[in-house]
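# Descriptive structure summary
What follows is the residue order along each chain.
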Amino acid sequence: MKLDKNKKYIIGVSGGPDSMYLLEFLKKEQIKNVIVCHVNYHYRKESNYDQKIVEDYCAINDLKLKVLNVDQDYKKLNSNFESWAREVRYNFFLKIAKENNFENLLLGHNLNDSIETFIMQKQRNNLVSFFGIKKISKNKILDVYRPLLNVKKSEILKFLNENKIKYALDDTNNDEKYKRNKIRKSLNENDFELIVNEINFKNLELNKIMNKVDSFIKSNIDKESLNLNQNLQTSELDFIQRCIFEWLKRIKKDFLIYNRSNKTLNEIAKKIKLSNKAFWEIQIENFIIFKDYNKLKIINKNLKTKKTVKINSEEDFKKIIFFINYKEIVGVIKRDGLLFPYVVTNDYNYYKTRTKVGNKKTNRFFIDKKINNYNRIAKAVVFSTKDYKILNKIK
Ligand SMILES: Nc1ncnc2c1ncn2[C@@H]1O[C@H](COP(=O)(O)OP(=O)(O)OP(=O)(O)O)[C@@H](O)[C@H]1O
């Protein structure tokens, strides 16, 4: 990767071999307008020594250095250390970038990191947007570059040792590192060429799939819902999962899927593919994703809470404010002449056999008219206890 000498770069340097090699690489490339950023987590007993390595290197090479000393009681840390540490690190990089008007960040990931990531991706079998590690990515205002992605770890260590450049050794073995170390031990750098070919091939394939997903979503998204059609039903599960994920992204509900394995997506995709039912539902946190004839929809679980309220006077209107069609119901009762009492309910199982629409039993009417399930789930109906006929229009 060729870096632009005229640009300004933040460099994340842990003191480990990769980032120390990165500094040497930048020296060779004559990238001079840089700020080195080091985060001392005080997590390992050697962490002050790591900082010293970075400080000494920067002093000798006349590089600007910013250090963040993290003050954290690790016994009280609830989240996973690696992801927490990453967030602390990126926030620091962003802060320094903003203060100094920089917009580029360089990190020291190498080829081995990318291959390990790829193998972990295959083991987890999650939906990924890219196989391996990306050379360039975006983090808020920062363009993130990883110029060492084609350099093997062994080359890095050989160079540092031959040139007597000091580096820190990280021997922590938490969950994420443990999995990586296991993979690392099973890898042989002689196989890397083949694996890189596989990664490139898979990324090309992925690109093609994502283009198809994109055009499917563009022509089938309808407000908040997604049209399900024959094409989708006969597609591969992977494609269906990607479409659902993309749909959730567009309607800003993808947070429901983050931090999950793709189990939920897989479950939804299987239902789309295998079930011909007009209606099914899957609950995720506070939301329900459900099939409604030929559409996929999502609603907040609260809307589905079954409630039945008796209205004896106008005073009681305040008891039904939570129904999404509250205004409609009040309007209907007023037009009916306020002949109390009325019952307002969204409990379909309760009212489907007790009430009528015109002269038809309500459940018959719903089936004949293919009333969509969203209305069944979210909207309330109103009827008078005199004749149990539903007064509001149901579409
Ligand atoms: N303590 C640190 N201070 C400054 N930079 C760091 C620190 N730790 C890591 N980095 C930077 O991040 C790169 C990747 O480090 P590592 O592989 O440990 O992180 P990761 O969590 O896998 O990656 P990422 O930060 O991109 O999500 C390092 O090569 C270095 O550039």
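Since the model is a prediction, treat every value here as computed from it, not as a measurement. (Residues numbered from 1 in each chain as written. Predicted model: local features only at pLDDT ≥ 70, side-chain atom pairs only at ≥ 80, totals over all residues.)

### Considerations on the UniProt feature "binding site: ATP" (unreviewed entry) in the protein chain
Going by this rule: UniProt positions are given in the numbering used here, feature names are shortened, and annotations may be inferred rather than shown by experiment. Per the convention used, a helix needs a DSSP run of H or I reaching at least four residues, while a strand needs a run of E reaching at least two, with both numbered from the N terminus. Placing C-beta atoms from the backbone, we regard two residues as in contact once those atoms come within 7 Å.
Taking the numbering used here, the UniProt-annotated feature "binding site: ATP" (unreviewed entry) corresponds to S14, G15, G16, P17, D18 and S19. Residue placement: S14 occurs in the loop between strand 1 (9-12) and helix 1 (17-28). Contact partners of S14, with chain neighbours within four places excluded, come to S19, H38, D50 and A168. Along the chain, the position of P17 falls in helix 1. Setting aside residues up to four positions removed in sequence, P17 forms contacts with I156, L157, L160 and Y167.

### Observations regarding the sheet that holds strand 12 (residues 308-311)
Backbone hydrogen bonds are what pair the strands of a sheet, in a parallel or an antiparallel way. The criterion, for reference: At least two bridges found by DSSP between two strands is the condition for calling them paired. To obtain each axis, a line is fitted to C-alpha atoms, and for helices this fit is confined to the stretch in contact; angles are then taken between N-to-C directions over 0 to 180 degrees.
Sheet architecture is open: 3 strands sit in the order 12-13-16, paired in antiparallel fashion. In this open sheet, the two strands that pair with only one neighbour each are strand 12 and strand 16 (381-384). Neighbouring strand axes in the sheet, compared pairwise and without regard to direction, differ in orientation by 20° on average. Bridge count for strand 12 against strand 13 (residues 342-345) is 4 bridges, and the pairing is antiparallel. If you follow T308 over to strand 13, its bridge partner there is T345.

### So, the nonpolar core
Put simply, the rule reads: Definition of nonpolar core: a set of buried Ala, Val, Leu, Ile, Met, Phe, Trp, Tyr and Cys residues joined via C-beta atoms within 7 Å. Buried residues are those with 20 or more other C-beta atoms within 10 Å of their own C-beta, exposed residues have 12 or fewer, and partly exposed residues lie in between; C-beta atoms are placed from the backbone.
In this structure, Y9, I10, I11, L22, L23, V36 and L106 are the most contacted members of the largest nonpolar core, which totals 34 residues. Contributions of two or more residues to this core are made by strand 1, helix 1, strand 2 (34-40), helix 2 (47-61), helix 3 (81-100), strand 4 (104-106) and helix 4 (111-124). A per-element tally of this core places helix 1 first, with 5 residues. F245, L248, A269 and I272 belong to the second largest nonpolar core, which has 18 residues in total.

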